[in-house]
Amino acid sequence: MARTGSTTRLWERLAGLELAVERLELRGQRVTVSSGFERLTTLFVLSGPDGTQGIGEDVTYDAEDHTKLQADPAWASPDGACARRLRGNFTLAEFAALVAELDLFPAPPVREVSRRYRRWALEAAALDLALRQSDSDLAEVLGREPRPLRFVVSLRLDEVDGRADPARVLRLLERYPGLRFKLDPTNAWDERVCAELAATGAVDVLDLKGHYRGTPVDVETDVRLYELVFESFPDAIVEDPDVGEATLPLLAKHAERISFDAPIHSVEDLATLPFPIRHLNIKPSRIGSLAGLLALYEHCEREGIAAYGGGQFELGPGRSQIQHLASLFHPDAPNDVAPTGYNEPDPPDGLPQSPLPAPRGVGFAPGSVRA
């Protein structure tokens with residue numbers, strides 16, 4: 001994993017924070033969503049000698065990677081060999097270096113990128129613990145002011161008789177008139193669907209999922225779909241198009257509106273893109289390390305790239321943590337960090353609306369429910 005950012009200004013503010021770890025505990029979480037997909041995550045809970053806890057959430061998508069970890073005595077037992085390696089007194093930089101050296105998977109992960117997700121969980125837990133043990137405010141340590149957080153709701157339309165159905169979006173807008181959306185166009189979209197959605201004026205981002213292969217969210221690349229999206233939503237950001245011989249001429253004409261997410265894990269990855277971008281979806285867990293994440297934030301601010309935040313179906317404190325980061329680095333962007341209630345098949349009434357209040361307080365996710 002790239003070490004870029006290890007000496008950046010922002011990382012230097014965090015690297016020297018001290019933490020004392022006495023115990024590691026794993027806590028499994030799961031929820032079944034409407035598609036029948038059961039989402040599992042694992043909480044890494046680091047406890048200090050004084051009982052203070054820091055929590056991070058592993059958002060690895062494949063259930064077997066969680067069940068194997070949670071059943072492995074080396075990790076699941078507080079006295080297991082791997083859990084013992086994390087005991088001791090560290091600076092945050094020292095703890096991060098230790099985590100980078102460990103194999104965090106009892107068996108090879110289904111997807112190699114999951115190594116980044118699990119590393120992020122442990123580094124997030126360490127940051128949370130270090131801040132709480134020193135009674136520190138992340139905003140003050142980083143020298144940034146948290147601001148009210150704008151968010152969008154991310155979803156994929158249902159399909160009826162092979163045609164995408166915008167009813168779910170329309171129902172949500174009736175209940176929450178101020179909502180904004182990040183939608184996943186599929187090959188079931190047509191001119192009528194696009195017209196109905198565009199008429200709402202509530203679509204900020206369209207995610208083409210062009211860099212996923214062998215997943216439940218794959219979308220077959222169709223130049224006509226791409227043309228339809230660009231034409232129907234002239235003010236929206238278009239994320240993760242498949243860049244190939246067939247699509248490149250169209251994409252080049254709309255480069256100022258294009259964003260990427262899945263291919264970007266570091267500052268270096270930006271240099272591999274076919275054209276300079278003006279927008280970027282930054283998912284902290286996809287970057288995998290605090291140093292790399294802060295380096296990417298600094299790069300975007302320096303180069304004038306408008307960043308916005310993304311989530312990975314967190315079930316616990318991981319959602320509050322990415323909201324906290326977004327409030328510090330890109331609060332006014334179309335952040336895909338909506339409260340988890342919006343992920344439910346039938347979201348309840350009374351959910352928080354955008355913008356969320358600026359978080360302030362001790363720890364990485366001040367005010368969040370401690371699992």
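As a reminder, the structure under discussion sits directly above these lines.
Since the model is a prediction, treat every value here as computed from it, not as a measurement.

Participant: Let's hear about empty space enclosed by the protein: which residues, and what values?
Facilitator: Summed over all chains, the structure comprises two cavities of 30 Å³ or more. Lining the second largest cavity, in full, are Glu 57, Val 59, Trp 120, Ser 285, Glu 314, Gly 318, Gln 321 and Ile 322. Broken down by element, the lining of the second largest cavity gets its largest block of residues, three residues, from helix H15 (residues 317-329). Class assignment of the residues belonging to the lining of the second largest cavity gives a composition of three nonpolar, three polar and two charged.

Participant: Requested: an account of the packing of aromatic side chains, with residues and values cited.
Facilitator: Per the counting criterion, the structure on display carries nine aromatic pairs. Above the ring of Tyr 61, the side-chain terminus of Arg 39 is found at 4.3 Å from the ring centroid. Lying over the aromatic face of Phe 105, Arg 118 brings its terminal NZ or CZ to 3.8 Å of the ring centre.

Participant: Got a sec to walk through the sheet that holds strand E4 (residues 53-58)? Specific residues and values, please.
Facilitator: Pairing is antiparallel across the open sheet formed by three strands, whose spatial order is E2-E3-E4. The open sheet terminates on both sides in strands that have one partner only, identified here as strand E2 (23-32) and E4. Strand-to-strand twist of the sheet, defined as the mean angle between neighbouring strand axes without regard to direction, takes the value 25 degrees. Two elements, E2 and strand E3 (residues 38-47), share 10 bridges in a ladder whose sense is antiparallel. Pairing of Gln 29 across the sheet is with Thr 41, part of E3. Running over the sheet, helix H6 (residues 114-133) touches E3 and E4 and is turned about 160 degrees from E4. With respect to the sheet, H15 is in contact with E3 and E4, its orientation differing from that of E4 by roughly 95 degrees.

The rules behind these values
- Residues numbered from 1 in each chain as written.
- Predicted model: local features only at pLDDT ≥ 70, side-chain atom pairs only at ≥ 80, totals over all residues.
- Heavy atoms only, no water.
- 1 Å grid on protein atoms, 1.4 Å probe; cavity = no way out; pocket = protein on both sides within 12 Å on 5 of 7 lines; lining within 4 Å.
- Points joined across faces, edges and corners; volume = space filled by probe spheres on them.
- Helix = DSSP H or I, 4+ residues; strand = E, 2+ residues; numbered from the N terminus.
- Nonpolar A, V, L, I, M, F, W, Y, C, P; charged D, E, K, R; others polar.
- Phe/Tyr/Trp six-rings, centres within 6.5 Å; stacked < 30°, edge-to-face > 60°.
- Lys NZ or Arg CZ within 6 Å of the ring centre and 35° of its normal.
- Pairing = 2+ DSSP bridges.
- Axes fitted to C-alpha atoms, helices over the stretch in contact; angles between N-to-C directions.
- Contact = heavy atoms within 4.5 Å.

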